[in-house]
Amino acid sequence: MREVDLAIVGAGPAGLFAAYYAGFRGLSTAVIDALPEPGGQVTAMYPEKMIFDVAGFPGIRGRDLVANLVEQAAQFAPEYALGVRAEGLSYVDERPVLALSDGRSLHCGAVLITGGLGSFTARPLPAADGFAGEGLVFFVPHLADLAGHDVVIVGGGDSAFDWALALQPVARSVTLVHRRDKFRAHASTVARVQALPVEVIVNAEVAKLHGDTRVSAVEVAVRGGEVRMLPADTVVAALGFTADLGPLAEWGLELDKRHIRVDTTTATNLPRVFAAGDISEYPGKVRLIAVGFGEAATAVNNAAVIIDPAAHLFPGHSSDNG
């Protein structure tokens, strides 16, 4: 059984900042996430999107924000368990024990849940049922991988239009297919895409993916009976994600739908278990990355005095530590 002062469940921005802050407080830290890369939904859903409401950055790309957070935490060498789920919670000598999906256990001084949306799964593309080849993706970790591709994006929300904006400069062609003629994306983003050489096909659905080992074409059924065959090297199914708490829902946490109720210290109803970021809930909650950073620091400082009763709640100023 591994021992660690603080186990952080969720490697999104709040979890990564918590890993830094725990190291700053002198705590050993393990960061656990079911996704194979750090960054949570930022990495999975909008790594190339610009974020404008993080303090100190007039604008920063999602991927760069995650890279900076990983670098910031790295000075304290947190342990990462990626592609691993926190399955069960129990207690030994009043200290939490996490059972991980890879068979390991973590004996913790405290647990901080920063799971964002919880466990999320991409909504499937119905037309891809039975398609076994490559070229169907739900997000694009590296834009350069699609350089020179004919790309078909399916969806009408923010993610679909964000991918269209990001991919248009690098792909050979970008076509967006949506089943309605109205979009859920921000009007300004829609206008920017419509001003680019991106074909937007509305009132249409992808009926079939063609290709053996890889997508080669997409068959699109347009309302009114027209059928179009589009060349495609990659199909981006930007149909959104379904989210749930997964195993966390069985831990005995006090929940508000799929959010975890916390008090002003970010403590949950379970001993030595805290929650911060989008997954937590309290009166007046605002779900922003900037808010999650503050909640992460609050959680770590309150956990520190539970882990070591001789510790002070106020950590001092980082600028005093050189």
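Criteria and cut-off values
Residues numbered from 1 in each chain as written. Predicted model: local features only at pLDDT ≥ 70, side-chain atom pairs only at ≥ 80, totals over all residues. Heavy atoms only, no water. Axes fitted to C-alpha atoms, helices over the stretch in contact; angles between N-to-C directions. Helix = DSSP H or I, 4+ residues; strand = E, 2+ residues; numbered from the N terminus. Left-handed = near helix turned anticlockwise from the far one by under 90°. Contact = heavy atoms within 4.5 Å. Nonpolar A, V, L, I, M, F, W, Y, C, P; charged D, E, K, R; others polar. UniProt positions renumbered as here; feature names shortened; annotations may be inferred. 1 Å grid on protein atoms, 1.4 Å probe; cavity = no way out; pocket = protein on both sides within 12 Å on 5 of 7 lines; lining within 4 Å. Buried < 20%, exposed > 50% of the residue type's maximum accessible area, 1.4 Å probe, protein only. Core = buried A, V, L, I, M, F, W, Y, C linked by side-chain atoms within 4.5 Å. pLDDT = per-residue confidence, 0-100. Salt bridge = Lys/Arg side-chain N within 4 Å of Asp/Glu carboxyl O.

Student: Explain the packing of helix H1 (residues 13-24) against helix H6 (residues 289-307) here, please?
Tutor: A pair of packed helices is captured by two measures, namely the crossing angle of their axes and the spacing between those axes. Where H1 contacts H6, the axes come no closer than 8 Å and their chain directions differ by 35°. The way H1 lies across H6 gives a crossing that is right-handed. Between H1 and H6, the residues in contact are Pro13, Ala14, Phe17, Ala18, Tyr21 and Ala22 and Ile289, Gly292, Phe293, Ala296, Ala297, Val300 and Asn301, respectively. Looking at the contact of H1 with H6 residue by residue, the classes come out as 11 nonpolar, 2 polar and no charged.

Student: Before we go on, may I ask you to explain the UniProt feature "binding site: FAD" (unreviewed entry) in the protein in this structure?
Tutor: UniProt records the feature "binding site: FAD" (unreviewed entry) at Asp33, Gln41, Tyr46, Ala86, Phe120, Asp278 and Ser319, using the numbering of this structure. When the annotated set is filtered for residues lining the second largest pocket, what remains is Tyr46. Within the secondary structure, Gln41 is located in helix H2 (residues 40-45). When its relative accessible area of 18% is taken as the criterion, Gln41 is described as buried. Ala86 gets classed as buried once you look at its relative accessible area, which sits at 8%. Among all residues touching Ala86, those that are not within four sequence positions of it are Val9, Ile32, Ala99, Leu100, Pro247 and Trp251.

Student: What exactly am I supposed to notice about the nonpolar core here?
Tutor: Inside soluble globular proteins, nonpolar side chains tend to come together where they are buried. The biggest cluster of nonpolar side chains holds 35 residues, and the ones touching the most others in it are Leu6, Phe17, Leu112 and Val300. Secondary-structure elements contributing two or more residues to this core are strand E1 (2-9), H1, helix H3 (62-74), strand E8 (105-113) and H6. A total of 9 residues in this core trace back to one element, the largest contributor, which is H6. In this view, Phe17 contacts Leu69, Gln72, Phe293, Ala296 and Ala297; residues no more than four positions away in its chain are not counted.

Student: Explain the confidence of the model for the protein here, please?
Tutor: Interpretation of the predicted coordinates at a detailed level should be avoided for regions scoring low in pLDDT. For the protein, per-residue confidence averages 92 on the pLDDT scale, and 98% of positions sit at 70 or higher. Here strand E9 (residues 119-122) stands out as the least confident element of the protein, with mean pLDDT 68; strand E21 (residues 273-275) is the most confident, with 98.

Student: How should I be thinking about the environment of Gly277 in this particular structure?
Tutor: The residue Gly277 is located in the loop between E21 and strand E22 (280-281) in this model. Distance from Gly277 to Asp308, taken between C-alpha atoms, is 24 Å for residues 31 residues apart in sequence. When near neighbours in sequence (up to four residues on either side) are disregarded, Gly277 contacts Ala14, Lys285, Gly292 and Glu295.

Student: Looking at this model, I keep getting lost on the pattern of salt bridges. Mind explaining?
Tutor: If charged atoms from side chains of opposite charge come close, those side chains can pair. In total, this model carries 12 salt bridges according to the counting rule given. Linking Arg172 and Asp233 is a salt bridge whose minimum nitrogen-to-oxygen distance equals 3.3 Å. Note that Arg172 is positioned in the loop between helix H4 (158-167) and strand E12 (173-177) and Asp233 in the loop between strand E16 (227-231) and strand E17 (234-237), a separation of 61 residues in sequence. A relative accessible area of 23% means that Asp233 is categorised as partly exposed. In this structure, a network of salt bridges that share partners links the residues Arg2, Glu79, Asp102 and Arg104.

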